Amino acid sequence: MWRATVLTLFPEMFPGPLGVSLIGKALEKGLWSLDIQDIRAHGLGKHRTVDDTPSGGGPGMVMRADVAAAAIDAIRLGDDPRPLIYLTPRGAPLTQRRVRELSGGPGAVLFCARFEGLDERVIAARQMEEISLGDFVLAGGEIAAAALIEAAVRLLPGVMGEEASQAEESFEQGLLEYPQYTRPQVFEGAEIPPVLASGDHAKIARWRREEAERLTKARRPDLFALYEKAGRSAIGPASGRPSPAKRPPEGD
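Please read these numbers as outputs of a predicted model, since none were measured by experiment.

Conventions and cut-offs
Residues numbered from 1 in each chain as written. Predicted model: local features only at pLDDT ≥ 70, side-chain atom pairs only at ≥ 80, totals over all residues. Heavy atoms only, no water. Pairing = 2+ DSSP bridges. Helix = DSSP H or I, 4+ residues; strand = E, 2+ residues; numbered from the N terminus. Axes fitted to C-alpha atoms, helices over the stretch in contact; angles between N-to-C directions. Contact = heavy atoms within 4.5 Å. Polar contact = N/O pair within 3.5 Å; in protein donor to acceptor, adjacent residues only side chain to side chain. Phe/Tyr/Trp six-rings, centres within 6.5 Å; stacked < 30°, edge-to-face > 60°. Buried < 20%, exposed > 50% of the residue type's maximum accessible area, 1.4 Å probe, protein only.

Caption draft 1: Structural view of the sheet that holds strand E2 (residues 32-38). Taken together, 5 strands build an open sheet; the order of strands is E2-E1-E6-E5-E7 and the sheet is parallel. Looking along the sheet, the strands with just one partner apiece sit at the ends: E2 and strand E7 (129-132). Averaged over neighbouring strand pairs, the angle between their axes works out to 35° when direction is ignored. Where helix H2 (residues 65-75) meets the sheet, its contacts fall on strand E1 (2-8), E2, strand E5 (84-93) and strand E6 (107-111), and the angle it forms with E1 comes to roughly 155°.

Okay, here's the thing in structure tokens:
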């Protein structure tokens with residue numbers, strides 16, 4: 001079973017969105033597990049203090065290394081093979097490749113800091129992997145942790161189904177995903193592209209690849225440069241085979 005453990009000052013934030021729709025149903029079925037641990041349980045003194053002023057001065061507060069270490073050590077007993085991840089804006093960007101690696105492993109331990117961040121010494125001492133969702137700042141790591149967990153859990157066998165369709169999603173082939181359409185045939189004067197109703201699977205595959213390339217070049221030139229560097233081979237040639245029908249969007 002894939003196991004997620006979240007260390008947080010706000011355990012009431014979980015499971016949140018992880019408890020609904022297909023991800024929540026998978027949790028109920030025991031396809032993955034979620035353990036939430038309160039960092040404040042390891043706080044100091046009567047008031048369970050977890051932070052202090054930054055060394056050298058400056059605004060805000062910094063989470064203490066001793067408190068963070070105590071919280072981590074309390075749940076990482078023995079030979080826990082799961083990576084210890086610290087969600088932080090300065091971390092390496094989370095990619096679909098890293099998500100797939102995490103999904104294929106035993107799970108993850110996710111540390112959610114608050115305030116101005118976490119004392120650098122505990123990051124080094126506990127060999128924490130620093131991951132960021134992007135170039136923006138949140139009030140804490142909980143939303144980022146939930147996003148990472150959902151991204152990994154949805155790839156587990158039996159959670160989403162349609163494994164072949166996952167291979168066509170954004171980032172899986174080095175490109176953003178092509179546009180999707182469904183009924184009605186005409187919406188506010190805009191029609192579904194005729195090629196998608198042609199029944200010619202080679203033409204459909206070619207159109208989808210060209211649209212994926214067009215969108216990626218316009219919206220993510222960084223990804224498109226990598227795709228071109230690889231010789232446009234990541235997505236492969238148009239196969240002419242019909243793609244499996246995608247499941248409807250998630251919902252209850």
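Caption draft 2: Just the pairing of E5, in detail. In this structure, E5 lies alongside E6, joined through 3 bridges in parallel fashion. By the bridge assignment for E6, Tyr86 is matched with Phe111. The pairing of E5 with E7 spans 5 bridges and is parallel. Each bridged residue has a counterpart across the sheet, and for Ala92 the counterpart in E7 is Ile131.

Caption draft 3: The arrangement of the side chain of Arg114 in detail. Within the fold, Arg114 resides in the loop between E6 and helix H4 (120-125). Within polar-contact distance, the side chain of Arg114 engages the side chain of Glu142 at 2.7 Å. For Arg114, the contacting residues outside a window of four places in its chain are Leu9, Phe10, Met13, Met63, Ala139, Gly140 and Glu142.

Caption draft 4: Focus on the packing of aromatic side chains. Taken as a whole and assessed by the stated rule, the structure comprises 3 aromatic pairs. Between Tyr181 and Trp207, the ring centres sit 6.4 Å apart and the planes meet at 50°, which makes this aromatic pair tilted. Of this pair, Tyr181 sits in the loop between helix H6 (163-166) and strand E8 (186-187) while Trp207 sits in helix H7 (residues 201-219); the two residues are 26 residues apart in sequence, bridging distant segments of the chain. For Trp207, a relative accessible area of 15% puts it in the buried group.

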